[in-house]
Amino acid sequence: MEIPIDLARTLAVVIDEGTFDAAARRLRVTPSAVSQRIKALEQQLGRVLVVRSRPARATEAGAAVVRLARQLALLEHDTLAGFGLDAEPGSSPRPVTLPLAVNADSLATWFLPALARVAERRPVVFDLHRDDQDFTAGLLESGTVMGAVTSQAEPVAGCLVRPLGTMRYEAVATPAFAARWGLPERTDAFALAPVVEFDRRDDLQREYLGERGLDADAPPRHFVPASADFATAIKLGLGWGLLPGFQSADELAAGTLVPLGGPPVDVPLHWQQWNLRSPLLDAVADALALEARSALR
């Protein structure tokens, strides 16, 4: 049995775009044609490949087909680029789309400059998926992305891994906030003083409190789900929280933030990518590793 590549690519577009209508617009066909292609592929493979929800989601079988389609698209791009045939005569090279996953703090600080250098030299556009570093590896497993910044050192099946460095976080607050709650001298005040967290999966502050022998569930919480805004919330005195050095060093030096003591929280970061002989994917990995050497510990 063979998987028709044009049908597999149609499935990948449906998952990328989220709806059959949006996929039809991108493919320049009718929604009915997209639906017929997906049904034909499901009948041929004897599997349901897509959950017809909003947005559309790949089933486990569908994720494997999407992964195949993306691998073939990347290999085709690299091959044509090697032949100098990746563009029509008189036109610019057609960019390939690379879906990547990254944690919010890396995205807000060191990650994008590396991608910008790659995009200057190669025809590529990036489809970035932001998630906690403890969960980005799952996007590799599902075939949603081709590479990910992750805290997971163990390679995902079918992937390569290389260490990037460590992002160190320290607990900080404004001087006024610290004085109001008696921090850090009154350790019991950590149970009462509001803490800023990124979202409900952010466990850095909980880890910090646990290391100090405190109840991680006790303090009231602000949730601010954007890295720059998270740092701003702490700098405005909404609460205390853990920031990496490149978001707090200047303020600590100026005295507009003060350290709250306790152990820093170190988060080792790794780059994982599909195990493909792809010059483009390798160029992205090399650029990220170079940037990480200067930005991470």
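Quick note: structure is the one above.
Residues numbered from 1 in each chain as written. Predicted model: local features only at pLDDT ≥ 70, side-chain atom pairs only at ≥ 80, totals over all residues. Heavy atoms only, no water.

### Structural notes on the pairing of strand 6 (residues 159-173)
Part 1: Across 10 bridges, strand 6 lies against strand 11 (residues 265-274) in antiparallel orientation. Pairing of Thr-166 across the sheet is with Pro-268, part of strand 11.
Part 2: Pairing of strand 6 with strand 9 (residues 241-244), which is carried by 4 bridges, proceeds in the antiparallel orientation. Within strand 9, the residue paired with Tyr-169 across the bridge is Pro-244.
Part 3: Pairing of strand 6 with strand 10 (residues 258-259), which is carried by 2 bridges, proceeds in the antiparallel orientation. Of the residues in strand 10, the one forming a bridge with Val-172 is Pro-259. (Pairing = 2+ DSSP bridges. Helix = DSSP H or I, 4+ residues; strand = E, 2+ residues; numbered from the N terminus.)

### Examining helix 1 (residues 5-17)
Part 1: With 13 residues, helix 1 extends 18 Å from end C-alpha to end C-alpha; this agrees with the ideal 18 Å at 1.5 Å per step.
Part 2: Here helix 1 has its buried residues at Leu-7, Ala-8, Thr-10, Leu-11, Ala-12, Val-13 and Val-14.
Part 3: Just past helix 1, the residue Gly-18 takes up positive phi, approximately 95°. (Expected span 1.5 Å × (residues − 1). Buried < 20%, exposed > 50% of the residue type's maximum accessible area, 1.4 Å probe, protein only.)

### Structural notes on the side chain of Thr-150
Part 1: Along the chain, the position of Thr-150 falls in strand 5 (residues 147-150).
Part 2: There is a polar contact of 2.9 Å between the side chain of Thr-150 and the backbone nitrogen of Gln-152.
Part 3: Here Thr-150 is in contact with Gln-133, Thr-136, Ala-137, Pro-268, Leu-269, His-270 and Gln-272, once residues within four sequence places are set aside. (Polar contact = N/O pair within 3.5 Å; in protein donor to acceptor, adjacent residues only side chain to side chain. Contact = heavy atoms within 4.5 Å.)

### Topic: helix 3 (residues 31-45)
Part 1: Spanning 15 residues, helix 3 covers 21 Å between terminal C-alpha atoms, matching the ideal 21 Å at 1.5 Å per step.
Part 2: Every buried residue of helix 3 is accounted for by Val-34, Ser-35, Ile-38, Leu-41, Glu-42 and Leu-45. Down the axis of helix 3, the buried set is contained in an arc of 130°. They therefore lie on one face. Exposed positions of helix 3 whose direction lies more than 90 degrees from the buried face are Gln-36 and Gln-43.
Part 3: Immediately beyond the C-terminal end of helix 3, within one or two residues, lies Gly-46, with a positive phi of roughly 70°. (Arc of directions from axis to C-beta.)

### Side note on the nonpolar core
Part 1: Counting residues in each nonpolar core, the largest one holds 54 residues, and the members touching the most others are Trp-110, Phe-111, Leu-183, Tyr-208, Trp-240, Leu-260 and Trp-271.
Part 2: With residues near it in sequence (within four places) discarded, Leu-183 still touches Phe-177, Ala-178, Ala-189, Phe-190, Ala-193, Trp-240 and Leu-260.
Part 3: Val-34, Ile-38, Leu-45 and Leu-49 belong to the second largest nonpolar core, which has 19 residues in total. (Core = buried A, V, L, I, M, F, W, Y, C linked by side-chain atoms within 4.5 Å.)

### Looking at the side chain of Arg-70
Part 1: Relative to the elements of secondary structure, Arg-70 occurs in helix 4 (residues 60-83).
Part 2: Relative accessible area serves as the criterion here: at 7%, Arg-70 is assigned to the buried category.
Part 3: With sequence-adjacent residues up to four places away left out, Arg-70 is seen in contact with Ala-12, Asp-16, Pro-99, Gly-143, Thr-144, Val-145, Met-146 and Trp-274.

### Description of the packing of helix 2 (residues 20-27) against helix 3
Packed helices, taken two at a time, are described by the angle between their axes plus the distance between the axes.
Part 1: At a minimum axis distance of 8 Å, the contact between helix 2 and helix 3 shows a crossing angle of 105°. Overall, the two elements helix 2 and helix 3 adopt an arrangement that is roughly perpendicular. Seen from helix 2, the contacting residues are Phe-20, Asp-21, Ala-23, Ala-24 and Leu-27; seen from helix 3, they are Pro-31, Val-34, Ser-35, Arg-37 and Ile-38.
Part 2: Among the residues making up the contact of helix 2 with helix 3, the classes are represented as 7 nonpolar, 1 polar and 2 charged. (Axes fitted to C-alpha atoms, helices over the stretch in contact; angles between N-to-C directions. Parallel < 35°, antiparallel > 145°, perpendicular 65-115°, else oblique. Nonpolar A, V, L, I, M, F, W, Y, C, P; charged D, E, K, R; others polar.)

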